[in-house]
Amino acid sequence: MAILAEHPSGAEYLSKFKAEDMARYCRGALDRCFVGSAPTLHDLCEAYGENICVVWLSGLIYDLNNFVGQRQQTPQQSDALALMLLDEAKQYKLTEVMYFFYRYKMGLQGEFYGGVNSHKVLSDLKKFKEVQGEHLCRIYKQQEEEQRELERIQTKKLNMSYDTYLWYTAWSAIYGDENSLDALEAAHVACMAREKWGV
């Protein structure tokens, strides 16, 4: 398994996904949480065993408890919730699980009264599938649009004259992108101007 080959120690690997790093993963480049290279909980269990996953999830629960600032769960309650979360969330990437917890901090999943409620967390996890689906749908749609634009550019590049190609290479250097639609349009405009007015 690739994770095990690169990171023989599960604790060392999970140090990249600490609760205090949650904001770094979940702010700004949120798409990375859903389509990045982080492994799933299932992958982690396969590589290092369930116990290390339970310890990691318990750390996220403890962090959320501290954030809520009310009555703490006992270690036994946290471990029991972590084990149930593991059963229900094995298909999620570690970064997706972190985003699930981050949503509580952002107030996107309601409030806790008197401390973290295990039933609410498990119920919210079922609803999180819809959140994941919305993000993945948006990401894949954007990727498809980018791919279509790239194919459109490649088609235009194949059909351009040599003069247009020379202008295109010059404009690509200005735009800094050889697949820039702007550079392609500028090249066509320059060629038409040259043909019409001899410039």
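One structure accompanies this document, and this report is about it. On a predicted model such as this, the values are computed, not experimentally measured, just so you know.

1. Regarding empty space enclosed by the protein
Next up, step 1: Using the criterion set out here, one finds 1 cavity of 30 Å³ or more in the structure.
Next up, step 2: Every residue along the wall of the largest cavity is listed here: Leu57, Leu85, Ala89, Tyr92, Val97, Phe100, Phe101, Leu125 and Phe128.
Next up, step 3: Secondary-structure elements contributing two or more residues to the lining of the largest cavity are helix H7 (75-89), helix H8 (94-105) and helix H9 (118-158).
Next up, step 4: Considering every element that reaches the lining of the largest cavity, the biggest residue donor is H8, with 3 residues.

2. A short note on the packing of helix H6 (residues 50-68) against H7
Next up, step 1: One way to put it is that H6 packs onto H7 with a least axis distance of 8 Å and a crossing angle of 120 degrees. The element H6 and its partner H7 pack so that their crossing is right-handed. Contact residues: Glu50, Cys53, Val54, Leu57, Ser58, Ile61 and Asn65 in H6; Ser78, Asp79, Leu81, Ala82, Leu83, Leu85 and Leu86 in H7.
Next up, step 2: Class assignment of the residues belonging to the contact of H6 with H7 gives a composition of 9 nonpolar, 3 polar and 2 charged.

3. Side note on H6
Next up, step 1: Here H6 contains 19 residues, and its C-alpha end-to-end distance of 27 Å stays within 8% of the 27 Å for a straight helix at 1.5 Å per residue.
Next up, step 2: Looking at H6, one finds that the buried residues are Ile52, Cys53, Val54, Trp56, Leu57, Ser58, Leu60, Ile61, Asp63, Leu64 and Asn65.

4. Digging into the environment of Tyr113
Next up, step 1: Along the polypeptide, Tyr113 turns up in the loop between H8 and H9.
Next up, step 2: You can call Tyr113 exposed: its relative accessible area is 71%.
Next up, step 3: Taking the C-alpha atoms as reference, Tyr113 lies 9.0 Å from Val68; in sequence the two are 45 residues apart.

5. Overview of the layout of surface pockets
Next up, step 1: Within this model, the largest pocket holds a volume of roughly 180 Å³.
Next up, step 2: Residue lining of the largest pocket: 11 residues in total, with Tyr13, Phe17, Ser37, Ala38 and Pro39 positioned closest to the centre.
Next up, step 3: Residue composition of the lining of the largest pocket, by class: 6 nonpolar, 3 polar and 2 charged.

6. Re the packing of H6 against H8
Next up, step 1: Following both chains from N to C, one finds H6 and H8 inclined at 15 degrees, their axes separated by 10 Å at the closest point. What the angle tells us is that H6 and H8 run roughly parallel. Like other packed secondary-structure pairs, H6 and H8 cross with a definite hand, here right-handed. Between H6 and H8, the residues in contact are Trp56, Leu57, Leu60, Ile61, Asp63, Leu64 and Phe67 and Leu94, Val97, Met98, Phe101, Tyr104 and Lys105, respectively.

7. With respect to the side chain of Arg103
Next up, step 1: With respect to the secondary-structure elements, Arg103 resides in helix H8.
Next up, step 2: We note that Arg103 is buried and unpaired, the nearest opposite charge coming from Glu134 at a distance of 7.1 Å.
Next up, step 3: Excluding its chain neighbours within four sequence positions, the residues that come into contact with Arg103 are Leu108, Gln109, Phe128 and Val131.

8. Here we look at the pattern of salt bridges
Note that side chains of opposite charge can pair when their charged atoms are close.
Next up, step 1: Within this structure, the stated rule accounts for 6 salt bridges.
Next up, step 2: Its salt-bridge partner being Lys120, residue Asp124 comes within 2.9 Å of it at the nearest N-O pair. Of the two residues, Asp124 and Lys120 are both situated in helix H9; the distance of 4 residues between them amounts to about one turn of the helix.
Next up, step 3: Taking the relative accessible area as the measure of exposure, Asp124 reaches 6% and is therefore buried.
Next up, step 4: Residue Lys127 pairs with Asp124 through a salt bridge whose shortest N-O separation is 3.8 Å.

9. With respect to the packing of aromatic side chains
Next up, step 1: Scanning the model with the defined rule gives 8 aromatic pairs in all.
Next up, step 2: Each ring, one from Phe17 and one from Tyr25, has its centre 5.4 Å from the other, and the planes form 15 degrees; the classification is stacked. Comparing Phe17 with Tyr25 shows no difference in burial state: the two are buried.
Next up, step 3: Arranged with centres 5.7 Å apart and planes meeting at 75 degrees, the rings of Phe34 and Tyr99 form a pair that is edge-to-face. Taken as a pair, Phe34 in helix H4 (residues 31-35) and Tyr99 in helix H8 lie far apart in primary sequence, 65 residues in all.
Next up, step 4: For Phe34, a relative accessible area of 3% translates into the label buried.
Next up, step 5: Ring pairs connect the aromatic residues Phe34, Tyr92, Tyr99, Phe100, Phe101, Tyr104 and Phe128, which therefore count as one cluster.

Conventions adopted
- Residues numbered from 1 in each chain as written.
- Predicted model: local features only at pLDDT ≥ 70, side-chain atom pairs only at ≥ 80, totals over all residues.
- Heavy atoms only, no water.
- 1 Å grid on protein atoms, 1.4 Å probe; cavity = no way out; pocket = protein on both sides within 12 Å on 5 of 7 lines; lining within 4 Å.
- Points joined across faces, edges and corners; volume = space filled by probe spheres on them.
- Helix = DSSP H or I, 4+ residues; strand = E, 2+ residues; numbered from the N terminus.
- Axes fitted to C-alpha atoms, helices over the stretch in contact; angles between N-to-C directions.
- Left-handed = near helix turned anticlockwise from the far one by under 90°.
- Contact = heavy atoms within 4.5 Å.
- Nonpolar A, V, L, I, M, F, W, Y, C, P; charged D, E, K, R; others polar.
- Expected span 1.5 Å × (residues − 1).
- Buried < 20%, exposed > 50% of the residue type's maximum accessible area, 1.4 Å probe, protein only.
- Parallel < 35°, antiparallel > 145°, perpendicular 65-115°, else oblique.
- Lys, Arg positive; Asp, Glu negative; His and termini not counted.
- Salt bridge = Lys/Arg side-chain N within 4 Å of Asp/Glu carboxyl O.
- Phe/Tyr/Trp six-rings, centres within 6.5 Å; stacked < 30°, edge-to-face > 60°.

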